[in-house]
Amino acid sequence: MSWGTELWDQYDNLSIHTNRGIEVLDKYANFLRDRVAIETEYAGKLRRLVKNYQPKKKEEEDNEFTSRQAFRNLLKEVGDLAGQREVVSETLQLQIIQGITLLSKTLREDRKKCLNDGTMLQQTLSAQLSALERAKRNYDKAYRDSEKAVENHKKADMDFNLSRAEVERYKNIMTSKIQQSDDAKNEYANQLQKTNNLQQQHYGILLPAVFNRLQELDEKRTRGIREFIIGAADVESSVAPIIARCMEGIVKAGESINEQEDSLKVIERYQSGFTPPPDIPFEDLSKMDSSIASNQSNYSNVTYNHMTIKGTISGPKFKKPRGGILNSIFGSNKNSLTADGQKEDYSDLPPNQQRKKLQAKIAELQHKVDQETNTRDGLMKMKIVYEANSSLGNPMTVEGQLNESEHELEKLKIDLKKYQGFLDKANQLQVVNNSPQSNRNQLQNGHRTSRHSNGSASADDHNDGDDQPDDAGSLSSSSASPESGLGTSHTSLPGSGQGSANENAIGEEACYETEVELSPSIGTCRALYPFEATSEGSIPMSEGEELQVIEIDQGDGWTRVRRANNSNGWDEGFVPTSYIICTLFA
């Protein structure tokens, strides 16, 4: 079916239809432009949103928590989503909208040419019809004049009153009119033939060709809209897998949040490493000398304040102790201060925080040593090359830089050794003071010794007032495993102290009795994490291992367990309560 054949007389309607079709195409282009604007604005707002919610520099220390890490990953994925919306916007602009604009321009130009050709054909046909009409009117007039001339000649010929000359004149007029009528007839016949031929060509060949071109133009426009709509959907589909991966990343970020791990990190960050203060003994002033009571009361107050304040308030809050009670708590400022007001060996921090700071400082110094070593090696190679080939450069030019590098490297190594010494000292105190067996022995004696910062023990019956806190020997504990106190709600490992001979005797007697007779099992437990035994009285265990519980946690963070041993029969010892999940017998 073609427009030229079926719609030969619908020139005006076809002109209106094709114009409306192009307007629909332009309307779709405007729709895409508005969508591109929305996509661009949406992507921009998403990027600003991500930027506004990026963690601040002061919040970087909180990035170790899984919830914060998940939120950062979420922001990253949202930023990627914004990038994909920008891709959609740019692709629609470059491929779809520009293609529609070009097609619309081409269609309008082709339509204009078709309509101009159709107008010319209509004008040609109209001119021929006008010529035919004029020829017909001339023929009609000439024919009537000839008939009138014939009738006048007949009347004159029958009128005997007229002379022969007058009759001859009427005859000549008749002959002239008849000739004019014949000429007009011939002209009319010629114009009629030309008009018919032109009309046949116009409606059979010329105008159908114009209409067919308009049909092709409209079909091209319709096909273009179809392709552009599909193309726009393909643009969206092309980024759908990436957006789906972004959604998967967001889901993974949410699934990566571990509330227990965050709780452990909170313990790791804020755990001081000190034991809670002991019960304050009752002082019966009527049964002791007033001077002794005064000294003991003062000592107890100092000990209580030291344990309470330093064990519950983080060190950085007291950056520059100036004196008074804080100076009595932290001791004299023997070491130089760092840039943030802390001591060089971080002895003014709780033990766990001290170890973390020292380990971070050692890692930083080691990195600087490696960098400076590479710089020195590079300068030495450059000097060797210059000495071998002086045309490349003067070796003396790098001599000064090499000396500076050597000096800086030596200085860094000295600092590294110094901080490693600080850490070794803290670790030695950690190993000596974190024995679960000694702490449990103290509990068996009916009292718990409290630790000073220098590792000395003070029991309820302690009457030596010379022990004072010493910043140089602060306790430290592990900061990267549940052994350092990353449990659910337990305290860190208490120090064993230098207990009395009676306590040691009781501990040895308990060990001897264990070898002779096994304690009854009160339940079972399963290891949640692997544990390496690093202190006296503890035993190692692997993840998932089943053990027998022979003594529950007494509040010190350790549980006494037992397991079968093919070589020795049974192994007994302490493991961190936070490492296991217990099932006690009814």
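A quick note: this is a predicted structure, and the numbers were derived from the prediction, not measured.

Peer 1: Account for the overall build of the protein chain, naming residues and giving values.
Peer 2: Helix and strand counts for the protein chain come out as 11 helices and 7 strands. In the protein chain, of all internal contacts separated by at least 6 residues, the share reaching a separation of at least 24 is 72%. Total accessible area computed for the protein chain in this model is approximately 34,300 Å², and 52% of it derives from carbon and sulfur atoms.

Peer 1: Any chance you could break down helix α3 (residues 66–158) for me, citing the residues and the numbers?
Peer 2: For α3, built from 93 residues, the straight-helix expectation of 138 Å at 1.5 Å per residue is met to within 8% by its first-to-last C-alpha distance of 134 Å. In the structure, α3 departs most strongly from a straight axis at leucine 92, where the bend amounts to approximately 35°.

Peer 1: Residue-level account of the environment of threonine 195, with values.
Peer 2: As for its position among the elements, threonine 195 is in helix α4 (residues 164–255). In the structure, threonine 195 is positioned 63 residues away from leucine 132 in sequence and 6.9 Å away in space, judged by C-alpha atoms. The residues contacting threonine 195, other than those within four sequence positions of it, are Gln128, Leu129 and Leu132.

Peer 1: Please give an account of the packing of aromatic side chains that cites residues and values.
Peer 2: What the rule picks out here adds up to 9 aromatic pairs. Between the aromatic rings of tyrosine 28 and phenylalanine 31, the centroid separation amounts to 6.1 Å while the plane-to-plane angle is 20°, which identifies the pairing as stacked. Taken together, the positions of tyrosine 28 and phenylalanine 31, both in helix α2 (residues 11–52) and 3 residues apart, correspond to about one turn of that helix. With a centroid separation of 5.8 Å and an interplanar angle of 5°, the aromatic rings of tyrosine 139 and tyrosine 188 are classed as stacked. On the criterion of sequence distance, the pair formed by tyrosine 139 in helix α3 and tyrosine 188 in helix α4 is long-range, its members being 49 residues apart. Taking relative accessible area as the criterion, tyrosine 139 reaches 21% and is therefore assigned partly exposed. Through a chain of ring-to-ring contacts, three or more aromatic side chains come together here, namely Tyr529, Phe531, Trp558 and Tyr579. Seen from the ring of tyrosine 170, arginine 169 lies directly overhead, with NZ or CZ sitting 4.9 Å from the centre. Taking the ring centre of tryptophan 570 as reference, the NZ or CZ of arginine 562 above it sits at 5.3 Å.

Peer 1: Lay out the pattern of salt bridges with the relevant residues and their values.
Peer 2: With the rule as written, the count across this model stands at 21 salt bridges. Residue arginine 47 is joined to glutamate 86 by a salt bridge in which the shortest nitrogen-to-oxygen separation is 2.9 Å. A residue pair is termed long-range when its members are at least 10 positions apart, and arginine 47 in helix α2 and glutamate 86 in helix α3 qualify at 39 residues. For arginine 47, a relative accessible area of 38% gives the class partly exposed. A salt bridge links arginine 563 to glutamate 545; the shortest N-O distance between them is 3.2 Å. Separated by 18 residues along the polypeptide, arginine 563 in strand β5 (residues 558–565) and glutamate 545 in the loop between β3 (523–527) and β4 (546–551) bring together distant segments of the chain. Each member of the pair, arginine 563 as well as glutamate 545, is classed as buried. Each of Arg35, Glu39, Arg85 and Glu236 takes part in a single network of salt bridges with overlapping partners.

Peer 1: Outline the environment of glutamate 64, supporting the account with residue identities and numerical values.
Peer 2: Assignment of secondary structure puts glutamate 64 in the loop between α2 and α3. Taking C-alpha positions, glutamate 64 is 8.3 Å from aspartate 262, a pair spaced 198 residues apart along the chain. Sequence-distant contacts of glutamate 64, that is, excluding residues within four places in its chain, are made with Gln69, Lys265 and Arg269.

Peer 1: Give me the lowdown on the nonpolar core, citing residues and values where you can.
Peer 2: Within the largest apolar cluster, 22 residues are counted, with the highest numbers of intra-cluster contacts made by Leu92 and Ile100. When residues of this core are traced back to their parent elements, those giving at least two are α2, α3 and α4. When sequence neighbours within four positions are dropped, the list of residues in contact with isoleucine 100 reads Leu25, Tyr28, Ala29, Leu32 and Phe228. Ala527, Phe531, Trp558 and Tyr579 belong to the second largest nonpolar core, which has 13 residues in total.

Peer 1: So, the confidence of the model for the protein chain: which residues are in play, and what are the values?
Peer 2: Chain-level pLDDT for the protein chain is 77 on average; 75% of the residues reach the 70-or-more range. Mean pLDDT in the protein chain bottoms out at strand β1 (residues 450–451), which sits at 36, and peaks at α2, which reaches 94. Below pLDDT 50 for its whole length, residues 291–335 participates in 77 contacts with residues either more than four positions away or in separate chains. This model gives residues 442–516 a pLDDT under 50, and the stretch forms 190 contacts once residues within four places in sequence are excluded.

Peer 1: So what's going on with α4? Residues and values would help.
Peer 2: End to end, α4 covers 132 Å across 92 residues, agreeing with the expected 136 Å (1.5 Å per residue, within 8%). Bending of α4 peaks at approximately 45° at the position of histidine 202.

Peer 1: Describe the packing of α2 against α4, naming the residues involved and giving the relevant values.
Peer 2: If you want to describe how two helices pack, look at the angle between their axes and the distance between the axes. For the pair α2 and α4, interaxial distance at closest approach is 10 Å and the crossing angle is 15°. For the element pair α2 / α4, the angle class is roughly parallel. Relative to α4, α2 is oriented so that their crossing is left-handed. On α4, the residues that touch Tyr11, Leu14, His17, Thr18, Gly21, Ile22, Val24, Leu25, Tyr28, Arg35 and Glu39 of α2 are Leu207, Phe211, Leu214, Leu217, Asp218, Arg221, Ile225, Phe228, Ile229, Ala232 and Glu236. A per-class count over the contact of α2 with α4 returns 14 nonpolar, 3 polar and 5 charged.

Peer 1: Would you mind going over a nonpolar patch on the surface in detail, with residue names and values included?
Peer 2: Taken together, the side chains of Leu49, Tyr53 and Phe71 make up a nonpolar region of the molecular surface, amounting to roughly 290 Å² of accessible area. Checked against the element boundaries, tyrosine 53 lands in the loop between α2 and α3.

Peer 1: How would you sum up the pairing of strand β6 (residues 569–576)? Please name residues and give values.
Peer 2: With respect to burial, β6 is a largely interior element, 6 of its 8 residues being buried. Judged from the 8 bridges that link them, β5 and β6 form a sheet pairing that is antiparallel. Counterpart to arginine 560 in the pairing with β6 is phenylalanine 574.

Peer 1: Hey, could you go over the packing of α3 against α4 for me, with residue numbers and the actual values?
Peer 2: Here α3 crosses α4 at 170°, and the two axes come no closer than 6 Å. Judged on the interaxial angle alone, α4 and α3 are roughly antiparallel. Residue composition of the contact of α3 with α4, grouped by class: 49 nonpolar, 23 polar and 20 charged.

Rules and cut-offs
Residues numbered from 1 in each chain as written. Predicted model: local features only at pLDDT ≥ 70, side-chain atom pairs only at ≥ 80, totals over all residues. Heavy atoms only, no water. Helix = DSSP H or I, 4+ residues; strand = E, 2+ residues; numbered from the N terminus. Contact = heavy atoms within 4.5 Å. Areas by Shrake-Rupley, 256 points an atom, 1.4 Å probe, with all protein chains shown as cover. Expected span 1.5 Å × (residues − 1). Bend = angle between axes of the 7 residues up to and from the residue. Phe/Tyr/Trp six-rings, centres within 6.5 Å; stacked < 30°, edge-to-face > 60°. Buried < 20%, exposed > 50% of the residue type's maximum accessible area, 1.4 Å probe, protein only. Lys NZ or Arg CZ within 6 Å of the ring centre and 35° of its normal. Salt bridge = Lys/Arg side-chain N within 4 Å of Asp/Glu carboxyl O. Core = buried A, V, L, I, M, F, W, Y, C linked by side-chain atoms within 4.5 Å. pLDDT = per-residue confidence, 0-100. Axes fitted to C-alpha atoms, helices over the stretch in contact; angles between N-to-C directions. Parallel < 35°, antiparallel > 145°, perpendicular 65-115°, else oblique. Left-handed = near helix turned anticlockwise from the far one by under 90°. Nonpolar A, V, L, I, M, F, W, Y, C, P; charged D, E, K, R; others polar. Patch = residues over 30% accessible without salt bridge, like charges linked within 9 Å, V, L, I, M, F, W, Y side chains within 5 Å. Pairing = 2+ DSSP bridges.

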